[in-house]
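Each chain, letter by letter, is given below.
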Amino acid sequence: MMALWMAKLGIKARVVDKRADKVFSGHADGLNVRTMEILDSFGIGERVSKESYHRHEASFWNPDKNGIIRRDARAPTSQPDLSRFTWCLLHQGHIETFLLDAIREASMSVHIDRNVMPSALRIDEEQVARANAHDSKQSPGSEGTKETVRARYLVGCDGTHSWVRQALGEGYEMVGETTDSIWGVLDIVPVTDFPDIRIPCTVRSASEGTVIVVPRENHLVRLYIQLKEVSTGSGAADRSKITSEVIFRTARRILSPYSLDYHYIDWWSAYQIGQRSGNRFSKLDRIFLAGDAVHTHSPKAGQGMNTAIQDTYNLGWKLGLVCKRVLRREVLATYELERRRIAKQLIALDQKLSQLFVGRPAKDILDETGVTMAEFEKASRMNKMFTTGIGIRYTPNLLNMSDEDQQQHLALATNCQPGTRFASHRALCQADARPWELHHRMPSDGRFRIVIFGGDISRPPQLALVNSLGAWLSVSLQPRFLVLSMPGAASKFKAARDPSVIDVLLVHSAPRERVELLTDLHDVYHPFDDKLGWDYEKTFADGHGRAYRGYGVNDKGLGAAVVVRPDGYVGLVTSLDEVGRDRIGKWFEAILRRG
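Residues numbered from 1 in each chain as written. Predicted model: local features only at pLDDT ≥ 70, side-chain atom pairs only at ≥ 80, totals over all residues. Heavy atoms only, no water.

Peer 1: What's the story with the overall build of the protein chain in this structure? I'm lost.
Peer 2: When its secondary structure is counted, the protein chain shows 16 helices and 27 strands. The C-alpha atoms of the protein chain give a radius of gyration of 26 Å, which matches the 25 Å a tight globule of 595 residues would have. For the protein chain, with 595 residues in total, the buried portion stands at 54%. Total accessible area computed for the protein chain in this model is approximately 26,900 Å², and 50% of it derives from carbon and sulfur atoms. Between the mean site of the 79 positive side-chain charges and the mean site of the 72 negative ones, the protein chain shows a separation of 2 Å. (Helix = DSSP H or I, 4+ residues; strand = E, 2+ residues; numbered from the N terminus. Rg over C-alpha atoms; globule rule 2.2 N^0.38 Å. Buried < 20%, exposed > 50% of the residue type's maximum accessible area, 1.4 Å probe, protein only. Areas by Shrake-Rupley, 256 points an atom, 1.4 Å probe, with all protein chains shown as cover. Lys, Arg positive; Asp, Glu negative; His and termini not counted. Charge placed at Lys NZ, Arg CZ, Asp CG, Glu CD.)

Here it is as structure tokens:
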């Protein structure tokens, strides 16, 4: 994900990977709906969705009074109107392939070197201090089989035993706990009469432990199996006692009286649950840690790959735009501010879920020490917004206007709170009546968006307000900041000039037939290019009011302006008048370099 951002923004970057090739079996496999939205913003969401297993429902099994497992409940895993995507389950190797293809298609500026290991890291803090004012260039130098690389920035995406984290030394250790709970993992093509083998489910036996069933693509099913018979000894698991057969036999006993067999096993592993995170995600805002390099936990909530992707999705655009000298360096500090808090929340969630999974099933409602189905359902319901990725909220900082600063403005778009993901709703393209998901007009290309909810612009006063704002945007705001030069796009038709780093979209609530795009509206809502002509895909009509309701905007009111960051999170909500314009101008002045 980090490399994909660099490719999209045309940044010279290099991936150093000790692996000889991508992952071919095992490892992560679950993509929550927010991660699917992110992948779709790079143009690979459909490809992932097409090959994935889609998770719509989960079931919960518990022992009855005779100790026989029974299905206690079924529950939907998706929430209506939350996202256009569902949870998807797909092998990590396929996802890596899609990302690598997207990197190659986007740019030749990113090189991936395999079978390469770092040996030493030196930080020249005096040079860093000078470079903060005048960034130095990355320059490699060969020395036999060794190579010295001088780089502006370094990102450690190198896993639980991160070499980068260790090289940073004291203060960068991960802190937390390792439990005595041991779990095995099997990826198999099962032969079984267990009725919910193609539904994600949790099966808790009376005395043998718990199995989590995770259906996958291509007939595969992943089984997470609690290994109660394996001792942790002095604190570390005795791995000599753990084999695929030990894991499989345990799964069989838990699923009894149902049969379980297999002819194909794709991968197996075992792990000891540990929940740890770092307190520092960066050094000097020049070296960064992301993913498992700075937080580790169990797979119970399905957040490992999702959190790692979302870490680097948050950092990538910031780092890329700083390298392009479009964004001020101060913005890089928001990476740690935003993602460290999410990691802490994830660790707390994982601790809670792990206790539920290993807890003894309650025998009846009077059993106070056992875990009841009601507790499982409550935990699932309470944490659904977090585990889907949709409920993540970043606290106020340089990029997210605080509630105190704009309390009176939040009522203009009640479902567009700063620090939360900007949702996607459908609206009709003004020019051709085609319905669009607004996310599809907001790709991950490094640009900020100002989404203007213009209200009923068939009313002359409202149209005048929207056009007055458009004039200010095109004359006083967009030219103030650097344009965004990008790598060559895939289309053979090239624009005459680089785009503004600030893109403008208009969504109005007037009857579409009462608005003429080219004559009624200011040019900023249909910008002109000497080679490509008018852009007809910047103005949309919400004829049925569904988008306005979704965003919490009054379609009969004076409208709202929502500033959306390049990663799709809301930065500012304000009005369309002069007060709003002043607030938009100050927000951008604080983070962007002047042109």
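Peer 1: Honestly, the packing of aromatic side chains in this entry has me stumped. Any pointers?
Peer 2: Each aromatic ring pair is summarised here by two numbers: the centre-to-centre distance and the angle between the ring planes. Within this structure, the stated rule accounts for 19 aromatic pairs. Where W61 meets F194, the ring centres are 4.7 Å apart and the plane angle is 50°; that geometry is what we call tilted. Highlighted residues: W61 in strand β4 (residues 57-63) and F194 in the loop between β11 (174-192) and β12 (201-204), separated in sequence by 133 residues. Each member of the pair W61 and F194 is classed as buried. Centre to centre, the rings of F194 and Y258 are 5.5 Å apart; their planes meet at 75°, and the pair counts as edge-to-face. Of the two residues, F194 sits in the loop between β11 and β12 while Y258 sits in the loop between α7 (244-255) and β15 (260-278), which places them 64 residues apart along the sequence. Members of the aromatic cluster, each reached through a chain of ring pairs, are W317, F448, F481, W587 and F588. Directly above the ring of W87 sits R55, whose terminal nitrogen or CZ lies 4.3 Å from the centroid. (Phe/Tyr/Trp six-rings, centres within 6.5 Å; stacked < 30°, edge-to-face > 60°. Lys NZ or Arg CZ within 6 Å of the ring centre and 35° of its normal.)

Peer 1: What is the right way to read the side chain of D40 from this model?
Peer 2: Along the polypeptide, D40 turns up in helix α2 (residues 33-41). The exposure class of D40 is buried, given its relative accessible area of 13%. The contact partners of D40, leaving out residues within four places of it in the chain, are G45, E46, R84, F85 and H440. (Contact = heavy atoms within 4.5 Å.)

Peer 1: I tried to follow the pairing of strand β26 (residues 560-564) on my own but got confused; where do I start?
Peer 2: With five of five residues buried, β26 is to be regarded as a mostly interior element. Of the two faces of β26, the one lined by A560, V562 and V564 and the one lined by A561 and V563 are each fully buried. Strand direction decides the pairing type here: strand β21 (residues 448-455) and β26, joined by five bridges, are antiparallel. Bridge pairing in β26 links I452 to A561. With four bridges joining them, β26 and strand β27 (residues 570-574) adopt antiparallel strand pairing. Paired with A561 across the two strands is T574, which belongs to β27. (Pairing = 2+ DSSP bridges.)

Peer 1: Help me out: how do you make sense of the sheet that holds strand β17 (residues 287-289) in this one?
Peer 2: Through backbone hydrogen bonds, the strands of a sheet pair up, either in parallel or in antiparallel fashion. Spatially, three strands are ordered β10-β17-β16 in an open sheet, and the strand pairing comes out mixed. The two strands at the open ends of the sheet, each matched to only one other strand, are β10 (154-156) and β16 (282-283). One ladder, built from three bridges, connects β10 with β17; its direction is parallel. Looking at the pairing, V155 lines up with F288 of β17.

Peer 1: Teacher, can you tell me more about the nonpolar core here?
Peer 2: Generally speaking, a soluble globular protein has its nonpolar side chains buried in company with each other. Core analysis: the largest hydrophobic core is formed by 89 residues, its most contacted members being F448, I450, I452, F588 and L592. Considering every element that reaches this core, the biggest residue donor is helix α8 (residues 304-323), with nine residues. Each residue touching F588, except ones within four places of it in the same chain, is listed here: F448, I450, L477, F481, I502 and V563. Core analysis: the next-biggest nonpolar cluster, separate from the first, contains 24 residues, I182, F194, I197 and V211 among them. (Core = buried A, V, L, I, M, F, W, Y, C linked by side-chain atoms within 4.5 Å.)

Peer 1: What exactly am I supposed to notice about the sheet that holds strand β20 (residues 435-437) here?
Peer 2: The mixed open sheet is built from seven strands, whose spatial order is β20-β19-β25-β22-β21-β26-β27. Two strands bound the open sheet, and with one partner strand each, they are β20 and β27. Across this sheet, the average inter-strand angle for adjacent strands is 30°, counted without regard to direction. Of the strand pairs in this sheet, strand β19 (residues 426-429) and β20 are connected by three bridges, and their pairing is antiparallel. When the bridges of β20 are listed, A427 appears paired with W436. Against the sheet, helix α13 (residues 460-477) contacts β21 and β22 (502-508), and its axis sits at roughly 160° relative to β21. (Axes fitted to C-alpha atoms, helices over the stretch in contact; angles between N-to-C directions.)

Shape descriptors only; they carry no functional weight alone.
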